[in-house]
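Single-letter residue listing:
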Amino acid sequence: MYIHEFGAFNEEYLGQLLEWSPTVIVAASQYEKVVSLDVKVDIVVGNLEAGVELQENIRVIPQQKEGIADAMEFLVKEKYPAVNVISKINSFDDLTCYLPTINLVLFTEQGKHYAIKNNFSIWKPAGTIFLIDIVAYFEADNLMQQDEGKFVVVEDGLVSFRFQAPYLFIGELL
């Protein structure tokens with residue numbers, strides 16, 4: 001798990017994610033907030049302010065690039081297969097280049113966003129809302145458009161996606 005921007009992220013969801021995340025990586029700017037929640041941090045990305053007390057056995061990776069790049073490059077280099085990222089930004093604009101080598105799920109205060117490949121299917125109950133960036137033509141079964149970028153599952157069951165682009169970016173409300 002990489003915590004880039006914690007903001008007002010729901011602490012209950014954080015607890016659920018921690019059950020599945022053996023390594024906790026945080027941006028230096030988020031370190032004190034995360035530690036105040038009694039979370040054991042493994043790696044800090046960036047430069048901490050003078051006087052900040054570190055937990056034991058923490059690895060610090062100096063920030064050399066803007067945004068999330070240093071954390072992503074570390075994860076790819078260390079061959080992590082997947083990462084949950086907590087951020088205020090739900091966009092894959094700066095992350096698309098990492099998708100071939102690592103599975104990414106972006107969590108924001110309101111949603112969960114991820115990239116899917118062609119012929120992706122997932123079971124969802126009726127009424128589930130998907131937020132879909134329509135950057136390419138796609139077809140889907142058991143899904144009806146409500147508003148621009150907002151789709152609802154018609155009935156309980158599989159939702160299947162078909163498209164030609166390398167990825168389709170979808171989100172679900174938490």
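Details of the structure are given in the entry above.
Below is a short write-up of the structure. This is a predicted model, so every value here is computed, not measured. Residue positions within a chain follow its written sequence, with the count starting from 1. With the structure being a predicted model, the display of local features is reserved for residues of pLDDT at least 70 and the display and counting of side-chain atom pairs for 80 or more, all residues being used for whole-chain, interface and lining totals. Working from all heavy atoms in the structure, the side-chain values ignore hydrogens and water.

1. Quick word on the sheet that holds strand 12 (residues 150–153)
Under the convention used in this document: Between any two strands, pairing holds if DSSP finds at least two bridges. Each helix is a run of DSSP H or I of at least 4 residues and each strand a run of E of at least 2, with the numbering of both proceeding from the N terminus. Throughout, a residue-residue contact means that at least one pair of heavy atoms, one from each residue, lies within 4.5 Å. In this description, a line fitted to the C-alpha atoms serves as the axis of each element, helices being fitted only across the stretch in contact, and the angle between N-to-C directions of two axes falls anywhere from 0 to 180 degrees.
The strand order 4-3-2-1-5-6-7-14-9-12-11 describes an open sheet built from eleven strands, whose pairing is mixed. Here the strands that pair on one side only, and so sit at the sheet edges, are strand 4 (59–61) and strand 11 (143–147). As judged from the three bridges shared by strand 6 (residues 103–107) and strand 7 (residues 111–116), these two strands associate in the antiparallel manner. Bridge assignment links V105 to a residue of strand 7, and that residue is Y114. Here helix 3 (residues 69–77) sits on the sheet and contacts strand 1 (2–3), strand 2 (25–27), strand 3 (43–45), strand 4, strand 5 (82–86) and strand 6; the angle it forms with strand 3, its principal contact strand, is near 140°.

2. What about the packing of aromatic side chains?
Defined as follows: Note on aromatic pairs: the rings of Phe, Tyr and Trp (six-membered ring only in Trp) are paired at centre separations within 6.5 Å, and the planes decide the class, stacked below 30 degrees, edge-to-face beyond 60, tilted for the rest. The buried label goes to any residue with under 20% of its type's maximum accessible area, the exposed label to any with over 50%, and the partly exposed label to all in between, with areas taken from a 1.4 Å probe on protein chains only.
Applying the stated criterion across every chain, the model contains eleven aromatic pairs. With 6.3 Å between their ring centres and 35° between their planes, F120 and F161 make a pair best called tilted. Of this pair, F120 sits in the loop between strand 7 and strand 8 (121–124) while F161 sits in strand 13 (residues 157–163), and the two are 41 residues apart along the sequence. Note on F120: relative accessible area 24%, which makes it partly exposed. Here F138 and F161 contribute two aromatic rings whose centre-to-centre distance is 6.3 Å and whose plane-to-plane angle is 40°, an arrangement assigned as tilted. Residue F138 is located in strand 10 (residues 138–141), and its partner F161 is located in strand 13; the two are separated by 23 residues in the primary sequence.

3. Comments concerning the pattern of salt bridges
Stated formally: We count a salt bridge whenever a side-chain nitrogen from Lys or Arg sits within 4 Å of a carboxyl oxygen from Asp or Glu.
Inspection of every chain in the model, using the stated rule, returns four salt bridges. Among the salt bridges present, the one from E73 reaches K65, with a minimum N-O distance of 2.8 Å. In this structure K65 comes out as partly exposed when scored by relative accessible area, which is 40%. Here R162 ties to D141 by a salt bridge, and the two come within 3.0 Å at their closest N and O atoms. Placement of R162 in strand 13 and of D141 in strand 10 is noted, with a sequence separation of 21 residues between them. Taking relative accessible area as the criterion, R162 reaches 28% and is therefore assigned partly exposed. Overlapping salt bridges bring together E139, D141 and R162 as one network.

4. Overview of the sheet that holds strand 8
Spatially, the three strands line up as an open sheet ordered 8-13-10, and their pairing is antiparallel. Every other strand in the sheet has two partners, leaving strand 8 and strand 10 as the edge strands with one partner each. Looking at each pair of strands side by side, their axes are set apart by 20° on average, direction ignored.

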